[in-house]
Amino acid sequence: MQRIHFDSGDLLRVSLRATAGAAVETALAQYQLAVGGGACSAVWRRQAAASLPRRAITPPSGSPPGDPEIPTGTGLSDDGFLPQVWRRAVAPYWDRLVGHLEAECDARGRVAMAGGVQQLLTTLHPRISWRNPVLTVPGGPDEDVHLDGRGLVLCPSVFLSHRPGMVVRPRPNDERVLLVFEVALDPRVAERIWGAPPRQQPASLNALVGRTRAAALRVLRVDCTTSQLADRLGISAAGASQHASVLREAGLITTRRFRNTVLHTVTPLGIALLDGHDSGSRSRTSAPPRLTAVPSRGAIRPEATGATRLKTASPPRRHGPALR
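Residues numbered from 1 in each chain as written. Predicted model: local features only at pLDDT ≥ 70, side-chain atom pairs only at ≥ 80, totals over all residues. Heavy atoms only, no water.

*Asks:* Go over the pairing of strand β1 (residues 2–5), please, and point to the residues and values.
*Replies:* Along β1, the buried face is formed by Gln 2 and Ile 4; none of Arg 3 and His 5, which line the opposite face, is buried. Note: β1 against strand β4 (residues 134–137), four bridges, orientation antiparallel. The residue bridging Gln 2 from the neighbouring strand is Val 137, located in β4. As judged from the four bridges shared by β1 and strand β5 (residues 143–146), these two strands associate in the parallel manner. Within β5, the residue paired with Ile 4 across the bridge is Val 145. (Buried < 20%, exposed > 50% of the residue type's maximum accessible area, 1.4 Å probe, protein only. Helix = DSSP H or I, 4+ residues; strand = E, 2+ residues; numbered from the N terminus. Pairing = 2+ DSSP bridges.)

Rendered as C-alpha cells:
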C-alpha cells in the first residue's frame with residue numbers, strides 16, 4: 001500500500017497528463033501480457049502474444065512478483081525485450097490509445113472544474129481512497145510518499161491491471177511524482193482500440209521523408225503542440241521538435257507560437273503529399289481536448305502534453321522515450 005501525503009500547496013500542483021510515456025506504458029504492457037488482465041484487453045493480449053517470442057512475455061521466474069521494472073531515462077535500451085514489445089504490441093495502437101487517454105483526462109478535468117481537486121482525487125478509482133491530506137493506493141510496496149510541495153501528476157493507463165494505481169519515477173530525482181492509475185475499458189471502446197492495427201505507412205512516403213517524419217506528418221493533419229506530437233509518436237519531446245523542424249524547413253508544416261507553446265499545422269503542400277501517397281486515407285488521430293470554460297480560481301487548462309492541467313506554479317517536465 002502506498003500512501004501519498006499532500007502539503008497545503010500540493011493540491012494546487014495536481015495535474016492530469018494523457019500518458020506517463022511510451023517507456024512506462026510498454027513496461028506495463030509487457031507485465032500485463034505476462035500476468036493477464038481484464039476481459040476487454042483479451043483481444044489485444046492474443047494479438048500481441050502471437051507476434052512476440054514467448055520469452056518476451058514470460059519472466060524467468062514464471063510469475064513476476066510485485067510491480068514491473070520501469071525503465072529509467074528518456075528511452076528504451078536495446079537490451080532485453082521491451083523494444084520488441086513496443087514495436088509489436090504497443091506502437092501499432094499508440095495513436096488510438098493516446099486519443100482515448102486524452103479524452104479520459106478531459107472528462108476528469110471537468111470533474112475537477114465542477115467539484116475541485118479533492119473531488120478528482122476521490123473519483124480516481126473505486127479502490128483508491130482520499131482522506132485529506134492522504135491519498136491511499138492499495139497494493140505494491142508499503143511506503144509513504146511525501147510530495148513536499150512538488151505536486152502530483154496523474155496519468156491514466158489501460159495497461160495497468162494488477163493494481164489500481166502505482167507511483168512511478170521514470171527518471172531518478174524527478175521533480176514531480178507520477179501516479180499511474182488504472183482505466184477500465186468498456187467493450188465498445190476496447191473494440192475500437194484493439195481492432196486491426198492501423199495500416200502501415202506506404203514505403204514510398206517513408207523513403208521520401210523518413211518513417212518517423214511520415215508518421216509525424218499524418219499526425220499533424222490535426223493541429224497539435226510539440227509535446228502532443230511526441231506523445232502520439234512515442235518519442236521524446238526533443239525528437240519531436242527536431243522532426244517538426246525538418247518538416248517545417250521542407251514547407252510541409254507551419255508553426256505558430258502562443259506564449260510558451262508552439263502549434264504545428266500541416267500545409268497544403270503537406271496535405272497534397274499525404275493524399276498522393278496514402279490513397280486518400282485520412283488519419284483518425286483524436287484532436288486534443290478543448291475546454292470551453294476556464295474559471296478564475298483553480299483553473300483547468302490544456303497542458304503541453306496534450307492532457308488537462310490544473311493550475312500550477314510551473315509546468316511539469318515531460319519524459320518521452322526516444323523510440324525509433
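*Asks:* Pulling in residues and values, what's your account of the pattern of salt bridges?
*Replies:* Using the criterion set out here, one finds five salt bridges in the structure. Where Arg 3 meets Asp 144, a salt bridge forms, and the shortest distance between an N and an O atom there is 2.9 Å. Residue Arg 3 is located in strand β1, and its partner Asp 144 is located in strand β5; the two are separated by 141 residues in the primary sequence. Judged by its relative accessible area of 40%, Asp 144 is partly exposed. (Salt bridge = Lys/Arg side-chain N within 4 Å of Asp/Glu carboxyl O.)

*Asks:* Lay out the nonpolar core with the relevant residues and their values.
*Replies:* Side chains of a nonpolar character, in soluble globular proteins, are inclined to be buried together. Ranked by size, the top nonpolar core spans 37 residues in total, and within it Trp 44, Ala 89, Phe 159, Val 180 and Trp 194 carry the most contacts. When neighbours within four sequence positions are excluded, Trp 44 is seen to be in contact with Ala 29, Gln 32, Leu 33, Ala 89, Tyr 93, Phe 159 and Trp 194. With 24 residues, the next largest nonpolar core counts Leu 11, Val 117, Leu 120 and Leu 147 among its residues. (Core = buried A, V, L, I, M, F, W, Y, C linked by side-chain atoms within 4.5 Å. Contact = heavy atoms within 4.5 Å.)

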